[in-house]
Amino acid sequence: SEEISSPYLRFDKIIKILNAVNAKEKSLDDLTGSLNTKKGRISYELTNCEHLNLVKKSGYLFSITKQGRDLINPLNNKEVQRNLFAEILRKSPYAGVVTIIEQNPSFDRKKIGEILSHELRREGKSLTKYDWGKKFADWLSAAGIGELKRSKTYTRKEKIKEVKEI
């Protein structure tokens, strides 16, 4: 089974990527330029979009899926878009995490990161897990799922301490 990528981009960036590949297929280099994003980063972001079934890769080219086109349809208002994205998440490889959060809607970002790490069988330092939780919380918010509590943000000292633990 293919490894599922940890959340790496915010919902608004997903929309930018979908708009970029909407008119025609694009290569990684095309997207790097048009989205002003480094190649390694956009590659990982596209993997998230593939796992959400919003884009598909064919050879070197990325194109939008029907689900991706529905999500950016200008005829849809925010509520329709929110409901569509909720369905996309519930049918994605992240569905297990969504279910856990729907049953415990008051998790903070730190806890969501820990759940993602466990469910996706990914290792990461606390700060990395927190970052995954932050991105996933953004997805949940865009989908109208849960009522996330704000977890305390890391202080600079905690970040430095964590870096030293590597």
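Residues numbered from 1 in each chain as written. Predicted model: local features only at pLDDT ≥ 70, side-chain atom pairs only at ≥ 80, totals over all residues. Heavy atoms only, no water.

J.: I'd like a rundown of the pairing of strand E3 (residues 61-64), residues and numbers included.
T.: In the sheet, strand E1 (residues 26-27) pairs with E3 via 2 bridges, with the strands oriented antiparallel. The residue of E3 that forms the bridge with Ser27 is Leu61. By the bridge criterion, 4 bridges tie strand E2 (residues 55-58) to E3 in an arrangement that is antiparallel. Bridge pairing in E3 places Val55 opposite Ile64. (Pairing = 2+ DSSP bridges. Helix = DSSP H or I, 4+ residues; strand = E, 2+ residues; numbered from the N terminus.)

J.: So what's going on with the sheet that holds E1? Residues and values would help.
T.: Taken in spatial order, the 3 strands line up as E1-E3-E2 in an open sheet, and their pairing is antiparallel. Across the chains shown, the open sheet's two edge strands, defined by having one partner strand only, are E1 and E2. Each of E1, E2 and E3 is contacted by helix H1 (residues 11-22), which is oriented at about 100° to E3, the strand it contacts most. The sheet contacts of helix H3 (residues 39-51) involve E2 and E3, and relative to E2 the element is tilted by about 110°. (Contact = heavy atoms within 4.5 Å. Axes fitted to C-alpha atoms, helices over the stretch in contact; angles between N-to-C directions.)

J.: Could you give an account of H3, naming the residues involved and the relevant values?
T.: Given a rise of 1.5 Å per residue, 13 residues ought to cover 18 Å, and the 18 Å separating the end C-alpha atoms of H3 matches this to within 8%. Along H3, the residues that are buried comprise Ile42, Glu45, Leu46, Asn48, Cys49 and His51. Buried-residue contacts for H3 involve H1, helix H2 (28-34), E2, E3 and helix H8 (126-142). One or two residues past the end of H3 sits Asn53, with phi positive at roughly 60°. (Expected span 1.5 Å × (residues − 1). Buried < 20%, exposed > 50% of the residue type's maximum accessible area, 1.4 Å probe, protein only.)

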